[in-house]
Amino acid sequence: MDPLVTVALVGTAQSGAIETMTDAAPDALVAETPADESSGSNERRLLFQAGVRAIYQSAGYTAPAIDAPAPAETEAWPVASPRVTALVKLLLSGNNEDLQTLAFERMRQAKLLLAPELLPTALSVRDQEKRRLLYPLLGKRGLWLSQFNQSWSWARETLDTPEGALPADAETLWQEGSSGQRIEVLRRLRASNPALARQWIEEAWKREKFEFRVDMTRALAINAGPDDEALLERALDDKAGGVRSAAAEVLRSMPGSALMQRMIARADAMLSYSKGALKVNPPTTIDATWERDGFTSSKSPSVGARASWLYQTLSCVPPVHWGQQLGMSPEQLIAAAAETKWGAELLQGWTKATAQFGAPDWVMPLWNRWLQPAKKGDSQTAASEMYGLLAPQIAASEREAVALRLVADPTAAIGPRFYTVVASLEPPWSQQFGDAYLRGLRAFIAGLAAKTTSADPWDDTLAIAALALPQSCFAAALEPLTLPEKATNWYMQQFQRQLDEFTNTIQLRKRIYEEIPA
Amino acid sequence: MQLSSDQVLALAPDSSSAAAGKKLANVRVWRNLGQSDEAAWGECQGSALYQVRVELATFTVKCTCPSHKFPCKHGLGLLLLATDANSVPAAEPPDWVKEWLSKRATTSARKQEKQEKQEQEKGGKTAESGNNLTSDQRKRLEKREALIARGLDTLDLWMNDLMRNGLASVEAQPATYWEHQAAQLVDAQAAGVAGRVRHLAGITGSRPDWPDVLLGQLGRIALLTHAYRHSDTLDAALREDVRQLVGWNVEKEDLADTGEKVSDEWYVLGQWEYDDDKLRVQKTWLLGRESRRPALILQFSAMGRPYAETFLPGTRLTGDLYFYPGAARLRGHLANRQANTTAIADMAMGYATIEEFLAARAELLGRLPWQDSFLLVLHDAIPVCANYINGPTAWYIRDRTGAALPLRVSAPWQMLAFSGGQPVDFAGEWDGETVLPLGMTAEGIYYPLWRVS
């Protein structure tokens, strides 16, 4: 330590007189200070010396030399305009993921990069799906920047080839990459060369942790075939529950698998038809072989164990099996099911199986059944869920017809909820439905009274509508949506806030379409 | 108007005003929007219809709303919109804007006239001549001189005690230990020295070499009190500095008499704020394009009141800079300002190397040894994040020769993103140990850096 500092720390009372400094120039400066009564003391001299030395040192500062990392490479795409940057900044600061997705997708299509000011925010995103969307917009600058911050390493680990293409160094990445990279390489290889991918999995199986074994098992669902069955059957005996259920899930979707044969045998034992009636007899207990195939116990207090096993079994059996097994049409089976006390489980099991395996004969009869107004014992939640499951197999025009009927009369007696029916339409909606929705909404608002305390069912669907209305409906949607003056209670204030959010979302979508050319 | 939304938001008095301003940056709530070279205007529908106008030379906002905030959310909303020519079209100002502008022009002309008159009357007067003082003023002056002298005597005794007992004893002292001493100096009307003493509280225990740093600061204060006591032996310019450093103020109005006037185009390179006792202090650094003179504008605000003038980093202003008298001639006041609507695109008049900057700074320290902060403007410099592999990361600004100065920021990621490892122009404030980044230009765009991480 500098002798001057040592004296100052200990104090002149103990250290006595101080030596002069060795630096000639500061000493000379101190000596030049005009003397007065106070300046002669040891303390004062110490302070002067320290002050002069500090100024002297400061004036003599020399800058160290450091290396600079290589700069970022030149970008292949242009950077987005200030207007787009302002819009994306606004979207990134909010939490509307659908709008973010829309904007990021359009930027990618327009080959526009994020402005540098947004890169730190974009690199700090934690959500995997958002990262996938943002990655192409980071550009060379974003990748360059990510090397300086450990928590941004995901950007460098993302595969740099177009989505789906196998990188040239696939095998090296599989051996040495991060777990995210390895799984992505495996999934891509699985799509082009399932046998080689399976071989990689088998070689790696024993040394991988259970989380990675789960991911590898799930990757087998891509192009799953009979050759994978042995490996998946072994995975059913894995010590980790996550691996077992992942394997069961893949095997269940694989027609002709041994697991599916076991399911069919179990289903046949539960269901028979004789003397004009459907006989349903779910087991009262199940053994370890059922659990090995992925059976779980019901977690809902309202669903008994037997009902749950019946539902789980039926949902794994392709519906076409029942026509062959029982010699009845879907319509006959649906009607017969209603006569049994297991009607709900039978219908839900068949619906789930139809959604999973596809069964043209079954789709419309089931759809019409779930559209019917709730009967005794039916739950609207189940009807909505089943309607949603079947929706992808129903023609868009059919779904829209149901939705049009409902927006014209939301009180119409129908099985599923208003929300489910509206949500089953793919965005963007047709102009016809968009107009009808807005007409219905405005009619509802106009009819609100001072005592109205519910905006059901419109309030639930506003968020969907804001994202699904076609551009041709924007002008009509942006006409002010204001509640009647008398509707001022708390519930209506909430509804007004939802309406404002609806308007805000439409405005943002409008800006995205206008400012980011796709 | 070539401004970014970030630059406009930097004008907001607080974050809630900034958020409210952003909401109002929507053409749907406005009507009769327009802008000219001089002003932007519009009518905003709030609880009532408010008439909002902004003079673009000074960013002075006038709004008919009752808000006590300045600028109000309507003003911010209008400025945000005005950054986009598509939202606020060029137009002829309506009468209510014209009238306001002409009233402002009259007031400003009157001020300028007064200043010119003062300049004409300048000859022979000095700040300390006191020739024109009334006897009451002289008595007040003498009384204050005596008060300050007593205050500094007490401070010297206290510092001598510190040296006698040793600095080891102060490590455990609370901040009030230093605060108490600073308060006594405020009572003695030596606010400048009080600020230096208050600053000592933050040094103790803050870093491994704190005794060294603390001793150096105490030594500089001791030299200042000594210089003040013997100011009659100093040359006139240094005497002015020493008196201002202790706490004597030079009124802005007197600058025309005593200050040096430099007319130039001034680049507003950066700005930052800090709290000093009960005041909020704003430091704005300017650099003259022709004169290459750095200038520091200090503004103070008490209890959240707005600063008297608005300086927007990244803009250029033409005007007369009156420097406060002294040897350093850094602090100044800008008069007769006129906005140049072109934003700063580079800082090519900055130093080429850090060595040049340090040499100029050493020369300035030779003139005024108590100068604490210096404007660093580097042309073609690279922000560098070092130690990023093994950590902890360290940040530097590096010149073309490879010399670098450490930065006083925790994680200036945006700075790195703006540069991409390529040379940029950089402005910061050097405090003798580290640089506080204030602004940079990259690819022709100015980015404010203070508050940016």
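Owing to the predicted nature of the structure, the values given are computational and were not obtained by experimental measurement. (Residues numbered from 1 in each chain as written. Chains lettered and ligands numbered in written order. Predicted model: local features only at pLDDT ≥ 70, side-chain atom pairs only at ≥ 80, totals over all residues. Heavy atoms only, no water.)

Peer 1: So what's going on with the pairing of strand β13 (residues 424-430) of chain B? Which residues, and what values?
Peer 2: Residues and elements named next belong to chain B. In terms of residue burial, β13 counts as a mostly covered element, since seven of its seven residues are buried. Judged by which residues are buried, β13 turns out to be covered on both faces: Val 424, Phe 426, Gly 428 and Trp 430 on one side and Asp 425, Ala 427 and Glu 429 on the other are all buried. Pairing geometry for strand β10 (residues 374-386) and β13, over six bridges, is antiparallel. Counterpart to Phe 374 in the pairing with β13 is Trp 430. (Buried < 20%, exposed > 50% of the residue type's maximum accessible area, 1.4 Å probe, protein only. Helix = DSSP H or I, 4+ residues; strand = E, 2+ residues; numbered from the N terminus. Pairing = 2+ DSSP bridges.)

Peer 1: Which residues make up helix α22 (residues 360-371) of chain A, and what values go with them?
Peer 2: Residues three or four positions apart in an α-helix share a direction because the helix packs 3.6 residues into each turn. Residues and elements named next belong to chain A. If you check α22, its first and last C-alpha atoms are 18 Å apart, about what 12 residues at 1.5 Å a residue would give, namely 16 Å. Within the span of α22, buried status applies to Trp 362, Val 363, Pro 365, Leu 366, Trp 367, Arg 369, Trp 370 and Leu 371. For α22, the secondary structure elements touched by its buried residues are α19 (320-326), α20 (330-337), α21 (343-357), α23 (380-390) and α24 (396-408). (Expected span 1.5 Å × (residues − 1). Contact = heavy atoms within 4.5 Å.)

Peer 1: Report on the interface of chain B and chain A, specifying residues and quantitative values.
Peer 2: Each side of the interface is counted separately: chain B has 58 residues, and chain A has 54 residues. Summing both partners gives a buried area of about 4,700 Å² for chain B against chain A, and 62% of it is carried by carbon and sulfur. Counting the surface chain B buries against chain A, the share from its top three residues, His 226, Tyr 388 and Trp 413 of chain B, is 13%. Applying the counting rule to chain B against chain A returns four salt bridges. Salt-bridge contacts for Asp 212 of chain B lead to Arg 53 of chain A; the nearest nitrogen and oxygen are separated by 2.6 Å. In this assembly, chain B and chain A are joined by 20 residue pairs in polar contact (both at pLDDT 80 or more). Looking at the side of chain B that touches chain A, the elements that each hand over two or more residues are α5 (135-165), α8 (210-229), α11 (354-367), β10, β11 (394-398), β12 (404-406) and α12 (413-419) of chain B. With 12 residues, the top contributor of residues to the side of chain B that touches chain A is α8 of chain B. When the residues that make up the side of chain B that touches chain A are grouped by side-chain class, the tally is 27 nonpolar, 19 polar and 12 charged. (Buried area = accessible area lost by both parts, 1.4 Å probe. Salt bridge = Lys/Arg side-chain N within 4 Å of Asp/Glu carboxyl O. Polar contact = N/O pair within 3.5 Å; in protein donor to acceptor, adjacent residues only side chain to side chain. Nonpolar A, V, L, I, M, F, W, Y, C, P; charged D, E, K, R; others polar.)

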